[in-house]
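Coordinate analysis (summary)
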Amino acid sequence: MEMKRANLLPEVLLLLLLTFTTIFTIASANSDQPETYIVHLNAPNGVTFDKPEDRRGWYNSFLKASTADSDVKPSLIHTYHNVFAGFAAKLTADQVKAMENMDGFVSARRDMAYKLHTTHTPNFLGLHRNLGLWGGSNYGKGIIIGVLDSGITPGHPSFDDKDVPPPPAKWKGKCDTAGCNNKLIGARDFTNSSGTGSPVDEDGHGTHTSSTAAGNFVDGANVFGQANGTAAGMAPLAHVAMYKVCDDIGCYDSAILAGMDAAIEDGVDVLSLSLGGDSVPFYEDGIAVGAFSAIQKGIFVSCSAGNSGPVNSSLSNEAPWILTVGASTVDRSIRATVNLGNKDLLDGESLFQPKDFPQDYMPLVYPGLNGGQDAAWCAPGSLKNIDVKGKVVLCDRGGDIARIAKGQTVKDAGGAAMILANGEADGDTTGADAHVLPASHVAYDLGVTIKTYINSTSSPVATIIFRGTIIGDDSAPAVASFSSRGPSLASPGIVKPDIIGPGVSILAAWPVSVENSTQTKATFNMISGTSMSCPHLSGISALLKSAHPDWSPAAIKSAIMTTADKLNLGGQRIEDERDLPANIFAIGAGHVNPSKASDPGLIFDIQPDDYIPYLCGLGYTSTQVGVIVQKQVTCTEVIPEAQLNYPSFAVTLGPGEIKNFTRTVTNVGEANSTYIITSVALPVGLDLEIGHAELQFSEVNQKLTYQVMFIRDKEQKPEAPYGEGFMLWTSDKHTVRTPFSVKFV
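Just so it is clear, the model here is predicted, and its values are computed rather than measured.

1. Considerations on the overall build of the protein chain
In terms of regular secondary structure, the protein chain is built from 17 helices and 34 strands. What you see for the protein chain is a C-alpha radius of gyration of 26 Å, in line with the 27 Å of a compact globule of 745 residues. Dimensions of the protein chain, computed from the C-alpha atoms along their principal axes, are close to 80 × 70 × 55 Å. A burial count over the protein chain gives 59% of its 745 residues as buried.

2. Remarks on the sheet that holds strand β15 (residues 323-328)
In space, the seven strands of this open sheet follow the order β7-β10-β6-β12-β14-β15-β23, with parallel pairing throughout. Each end of this open sheet is capped by a strand with a single partner; those strands are β7 (184-189) and β23 (499-502). Recorded for the sheet is a direction-independent mean angle of 25° between the axes of neighbouring strands. Both strand β6 (residues 144-149) and strand β10 (residues 239-244) contribute to a ladder of six bridges, which runs parallel. Across the sheet, residue Ile-144 finds its bridge partner in β10, namely His-239. Running at roughly 155° to strand β14 (residues 300-304), helix α8 (residues 286-296) makes contact with β12 (270-273) and β14 of the sheet.

3. Looking at the pairing of β15
Within β15, six of the six residues are buried, which leaves it mostly tucked inside the rest of the structure. Because side chains alternate across β15, one face comprises the buried residues Leu-323, Val-325 and Ala-327, and the other comprises Thr-324, Gly-326 and Ser-328, equally buried. Bridge count between β15 and β23: four bridges; the pairing is parallel. Bridging across to β23, Ser-328 finds its partner in Pro-502.

4. So, the nonpolar core
One finds Phe-282, Trp-321 and Leu-615 to be the most contacted residues of the largest nonpolar core, which totals 129 residues. Of all the elements, helix α7 (residues 253-266) adds the most residues to this core, at eight residues.

5. Thoughts on helix α13 (residues 553-562)
Along an α-helix, a turn takes 3.6 residues, which lines up residues three or four apart on a common side. Burial analysis of α13 places ten of its ten residues in the buried class, the great majority of the element. Every buried residue belonging to α13 is among Pro-553, Ala-554, Ala-555, Ile-556, Lys-557, Ser-558, Ala-559, Ile-560, Met-561 and Thr-562, and all of these are buried.

6. Points about empty space enclosed by the protein
Of the volumes computed, that of the largest cavity is approximately 50 Å³. Residue lining of the largest cavity: Tyr-114, Gly-277, Asp-278, Ser-279, Val-280, Phe-282, Asp-285, Leu-315, Ser-316, Asn-317 and Glu-318, and that is the complete set. Looking at the lining of the largest cavity residue by residue, the class counts come to four nonpolar, four polar and three charged.

7. Quick notes on the pattern of salt bridges
Taken as a whole and assessed by the stated rule, the structure comprises 14 salt bridges. Note that Asp-269 is salt-bridged to Lys-170, the shortest N-O span being 2.3 Å. Highlighted residues: Asp-269 in the loop between α7 and β12 and Lys-170 in the loop between β6 and β7, separated in sequence by 99 residues. Classification of Asp-269 by relative accessible area gives buried; the value is 7%. Among the ionic pairs, Lys-733 bridges to Asp-599, the shortest N-O distance being 3.4 Å.

8. Some words on the side chain of Ser-741
Examined against the element boundaries, Ser-741 turns out to sit in strand β34 (residues 735-744). Judged by its relative accessible area of 3%, Ser-741 falls in the buried class.

9. Regarding the pairing of strand β18 (residues 362-365)
Where β18 meets strand β22 (residues 461-471), two bridges bridge the pair, whose relative direction is antiparallel. If you follow Pro-363 over to β22, its bridge partner there is Val-461. Relative to strand β19 (residues 392-396), β18 runs parallel, the two sharing two bridges. Of the residues in β19, the one forming a bridge with Val-365 is Val-393.

10. A word on the state of the cysteines
Put plainly, a disulfide is one covalent bond tying together the sulfur atoms of two cysteines. A complete count under the given rule lists four disulfides for this structure. Disulfide pairing is shown between Cys-246 and Cys-251; the S-S distance is 2.1 Å. On the sign convention where negative means left-handed, the S-S torsion of about 115° between Cys-246 and Cys-251 marks this disulfide as right-handed. The class of Cys-246 is buried, set by a relative accessible area of 0%. On the basis of relative accessible area, Cys-251 is assigned to the buried category, the value being 0%. Between the sulfur of Cys-616 and that of Cys-635 lies a disulfide, 2.0 Å long from S to S. Residues Cys-616 and Cys-635 share a disulfide whose torsion about the S-S bond is about -75°; that sign makes it left-handed. Of this pair, Cys-616 sits in helix α16 (residues 611-617) while Cys-635 is found in the loop between α17 (622-629) and β27 (649-653), placing the two residues 19 residues apart along the sequence. By relative accessible area, which is 6% here, Cys-616 ends up buried. The partly exposed category is assigned to Cys-635, whose relative accessible area is 24%.

Rules used in this analysis
Residues numbered from 1 in each chain as written. Predicted model: local features only at pLDDT ≥ 70, side-chain atom pairs only at ≥ 80, totals over all residues. Heavy atoms only, no water. Helix = DSSP H or I, 4+ residues; strand = E, 2+ residues; numbered from the N terminus. Rg over C-alpha atoms; globule rule 2.2 N^0.38 Å. Buried < 20%, exposed > 50% of the residue type's maximum accessible area, 1.4 Å probe, protein only. Pairing = 2+ DSSP bridges. Axes fitted to C-alpha atoms, helices over the stretch in contact; angles between N-to-C directions. Contact = heavy atoms within 4.5 Å. Core = buried A, V, L, I, M, F, W, Y, C linked by side-chain atoms within 4.5 Å. 1 Å grid on protein atoms, 1.4 Å probe; cavity = no way out; pocket = protein on both sides within 12 Å on 5 of 7 lines; lining within 4 Å. Points joined across faces, edges and corners; volume = space filled by probe spheres on them. Nonpolar A, V, L, I, M, F, W, Y, C, P; charged D, E, K, R; others polar. Salt bridge = Lys/Arg side-chain N within 4 Å of Asp/Glu carboxyl O. Disulfide = S-S within 2.5 Å.

As structure tokens, then:
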């Protein structure tokens, strides 16, 4: 689908966003055709570059040497010096080959594209004005969040700088558009190598994610009058810097690396990336490589897990130095209740809530009964030969057709309303969309109920009752069906995702009015995705960094994970999309609890060099590890993945097998405190022994180490290929939960 942005109607903008799933397959290179390559270099021993132009001159020496026997002139696109030493350039395969024997050359890989993966959520997460973490962290004042996305909308009220101080003296960034202030302190475009592009958002995605992370307080925020209230990001007084790396072509690795390189140089504290690609080894993953350079500088990196759920092993952004964020529901819905002719009332959702929709029953039709699969999906043009005029039309979700586009098809054919039914894989996850006609999006089981009713009578009828904003669903949070699942392919010994956070029907800033209104600059929209959950965690991380400036990125991640919630508002285990308890590969450590994360008691810290033996243990060569850690490495020390000092475990065991691991915890609570194991949950076929089951601390920042022995029973058969459980350390004030997964082989 070609994305053209000029003069788009708001509903078309939304449609494009919801269908923006562009991903590119890199074909075998033609040796004569130039493509964008990302080239990694290591400066020869003793060579240093005092000036940027010296480094650039060295980079250009590779381009000059590559053209000796070529008529095609290479062109430099981006240069890097923070994420790694190297550059991106248009090169032929032969030109790349000519570089390989030059001193300092490490590797080259072709560019690839990634895909782009709130009025109530602060309260839902326990953030309240002048209380708790918001008060304790000063609302994130002085923290800089760098967002890599599709751009931003300067002048939107969410980016007003009321009560926001000037940026700290360390800030070295710049703003390449009008409208920057103490809130929006930087805005640059990396999608155009000529430097002439604009960082202004023409898509909406970047505006939405930026305001979710750090939007200022905006009273009276709503869409179609729904979800009315005061909008605020997670860190409402933090600074925002936008690095535009996505355009209508895609989010290219070379641009993402250039954005990360600049953000590190500029002095950001947190990086937020609501985008990702397929699983690849970390040394081939630009986001993983750039993120490692960021954490070496103390910058926290939060990334979306991806929207390919509920399929197993569908994750993006799996590196253990990244916080990988899945998506959950919130306790608010914009209710649209289907009223069937048999008096069944079935609750669904729609952001468009017409006040004058007739409550008299209308004929109900399911085009999929006789019209084939396209008609069942309400694909464009599929209803031309089906009589839907004045009727309520049931459409199945699927077919790579945006939800709003299905409604447009029904509207174009003369339909009066649409019921959108989830497929089985979509489960219970529904969205409040800005539909173009009266509609209700219902869960899979309710769709089955509606089809059963249609088949039970010769004259099925229905209408939709629009009930508006409803708060108080005690089944929230639940894991969104689309949220990508583990286990990780790139590193099976690390549990991913790490955490889940709000990502369904999130209200945040938008460049234009989805109501076709020109009366206000306070334009908002509701969309869903792990793209929305990621900036929630980015903003929360900014609050934690403000409250605890001495914490490392790994310490912040640990605090978030060990304090996460496992129960919903109703006191039951958090569920997945099929009304079943969510497993560890859907939920990770659990649902974020910001206030608890600010006072975790113990943390599992990891220093950047601690990842080296872990990476060697993945089977990477010394050169491949060097690409990630940006220094020469010799893989003399190797550790299993599960030995990394991570706040969770992922273990593989054969019958009768025993494995030992150690963990080191740092006391960040009371100086004199004692922690004991108060609870251990085990799957069938597994036993656990914990050495030093009591940890006695006498000072803050004291470290203690304990051992954990995983023991698989030789005879007892496991109930499933994977099992899971947890260990709970408890003191007088704190509980520290460490989850684990076990693969039975």
